[in-house]
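An overview of the molecular structure
Given next are the chains, with one letter for each unit.
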Amino acid sequence: AQSVAQPEDQVNVAEGNPLTVKCTYSVSGNPYLFWYVQYPNRGLQFLLKYITGDNLVKGSYGFEAEFNKSQTSFHLKKPSALVSDSALYFCAVRDPSNAGNMLTFGGGTRLMVKP
Amino acid sequence: DTGVSQNPRHKITKRGQNVTFRCDPISEHNRLYWYRQTLGQGPEFLTYFQNEAQLEKSRLLSDRFSAERPKGSFSTLEIQRTEQGDSAMYLCASAGGGIYGYTFGSGTRLTVV
């Protein structure tokens, strides 16, 4: 069975500083990995995905994520945080052998960017 | 609006009542998913449709829950005899072919009192 762990419930960072939101996964084969962001009382918005190829994936709003197969990690990063980045972030994994394309989500990490 | 639409946005119901939510996916998407998100948690998979066929259901989906997608277009999720533990955000998502992420709707927040 596939699973995702987001070890930090909350990450605090000052505006302008780099940010990292951690994610590790467990899946039987080569994973498809995703990051979503959720603002209050809203659905999830897609940020970026890793399917294959370059380990560094660039996404929306200046975010990027690095796939590390040996560490089974897919950490979300941004070089310079904005106050408007404050939100809930979810990492998700899909097992490619899963024909239904169901995603398994982590528990989420709240990002707080302070001015 | 070409996104995923969910109605209602909020629903407050008394314990024991039945509720029904609707999801209108992106028109060209053949896959439709329902997820449940409780406070402070990530979304949990409930069920999945490909066109009108319901292909998978989670163990979370008790016999009080039923979902339909007639004609492969919109979908409904019904909860019978609601319980306080059903209080959550119910998220719908749709996806086209290929290995892409979903497009989520804004969700329906259910409060059972």
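Structural data are supplied above this passage.
In what follows, the accompanying structure is described. Sequence positions are assigned chain by chain, starting from 1 and proceeding in written order. Whichever chain is written first is A, and whichever ligand is written first is 1; the rest continue in order. For this predicted model, a pLDDT threshold of at least 70 governs which residues receive local features, and a threshold of 80 or more governs which side-chain atom pairs are given and counted, while totals over whole chains, interfaces and linings are taken from all residues. By convention in this description, side-chain values take in all heavy atoms of the structure and omit both hydrogens and water.

This part covers the overall build of chain A. Broken down by element type, chain A carries 0 helices and 12 strands. Strands here mean DSSP runs of E at least two residues long; helices mean DSSP runs of H or I at least four residues long; both are numbered from the N terminus. The secondary structure elements of chain A, listed N-terminal to C-terminal, are β-β-β-β-β-β-β-β-β-β-β-β. In summary, chain A has a C-alpha radius of gyration of 14 Å against a globular reference of 13 Å for 115 residues, a match within 12%. Along the longest, intermediate and shortest principal axes, the C-alpha atoms of chain A span 45 × 30 × 20 Å. In this scheme, a residue with accessible area under 20% of its type's maximum is buried, one over 50% is exposed, and one in between is partly exposed, where area comes from a 1.4 Å probe on protein chains only. In chain A, which comprises 115 residues, the share counted as buried stands at 49%. Contacts between residues were defined by any pair of non-hydrogen atoms, one from each residue, lying within 4.5 Å. For chain A, the proportion of contacts with a sequence separation of at least 24, taken over those separated by at least 6, is 56%. Atoms counted for the radius of gyration: C-alpha only. Globule rule: 2.2 Å times residue count to the power 0.38.

Our focus in this paragraph is the sheet that holds strand S1 (residues 5-7) of chain B. Residue and element names in this part refer to chain B. Each pair of strands is called paired provided DSSP finds at least two bridges between the two strands. Taken together, 4 strands build an open sheet; the order of strands is S1-S3-S8-S7 and the sheet is antiparallel. In the strand order of this sheet, the two ends are held by S1 and strand S7 (65-68), each with one partner. Going across the sheet, the axis of each strand differs from the next one's by a mean of 15 degrees, ignoring polarity. Pairing geometry for S7 and strand S8 (residues 75-79), over 4 bridges, is antiparallel. Fitted lines through C-alpha atoms serve as axes, helices being fitted only where they are in contact, and the angles separating the N-to-C directions of these axes extend from 0 to 180 degrees.

Take empty space enclosed by the protein next. A pocket, in this scheme, is an open set of points on a 1 Å grid over the protein atoms alone with protein on both sides within 12 Å along at least 5 of 7 lines, while a cavity is a set where a 1.4 Å probe fits but cannot get out; residues line either one if an atom lies within 4 Å of a point. Grid points are joined across faces, edges and corners, and a volume is the space filled by probe spheres set on the points. A full pass over the atoms with the stated rule returns 1 cavity of 30 Å³ or more. By residue class, the composition of the lining of the largest cavity is 1 nonpolar, 4 polar and 2 charged. Gly falls in the polar group here, along with every residue not listed as nonpolar (Ala, Val, Leu, Ile, Met, Phe, Trp, Tyr, Cys, Pro) or charged (Asp, Glu, Lys, Arg).

Our next topic: the state of the cysteines. Whenever a pair of cysteine sulfur atoms sits within 2.5 Å, that pair is classed as a disulfide. Evaluated as defined, the whole model comprises 2 disulfides over all chains. A disulfide bridge connects Cys23 of chain A with Cys91 of chain A, and the sulfur atoms are separated by 2.0 Å. Sign of the S-S torsion, about -65 degrees for the bond between Cys23 of chain A and Cys91 of chain A, identifies this disulfide as left-handed. Here Cys91 of chain A lies in strand S10 (residues 87-94) and Cys23 of chain A lies in the loop between strand S3 (19-21) and strand S4 (24-26), a separation of 68 residues in the sequence. On the accessibility criterion, Cys23 of chain A (0% relative accessible area) is buried. Residue pairing for Cys23 of chain B: its cysteine sulfur links by disulfide to Cys92 of chain B, the two sulfurs lying 1.9 Å apart. Looking along the S-S bond of the Cys23 of chain B-Cys92 of chain B disulfide, the torsion reads about -70 degrees, which is the left-handed sense. Placement of Cys23 of chain B in strand S3 (residues 19-24) and of Cys92 of chain B in strand S9 (residues 88-95) is noted, with a sequence separation of 69 residues between them.

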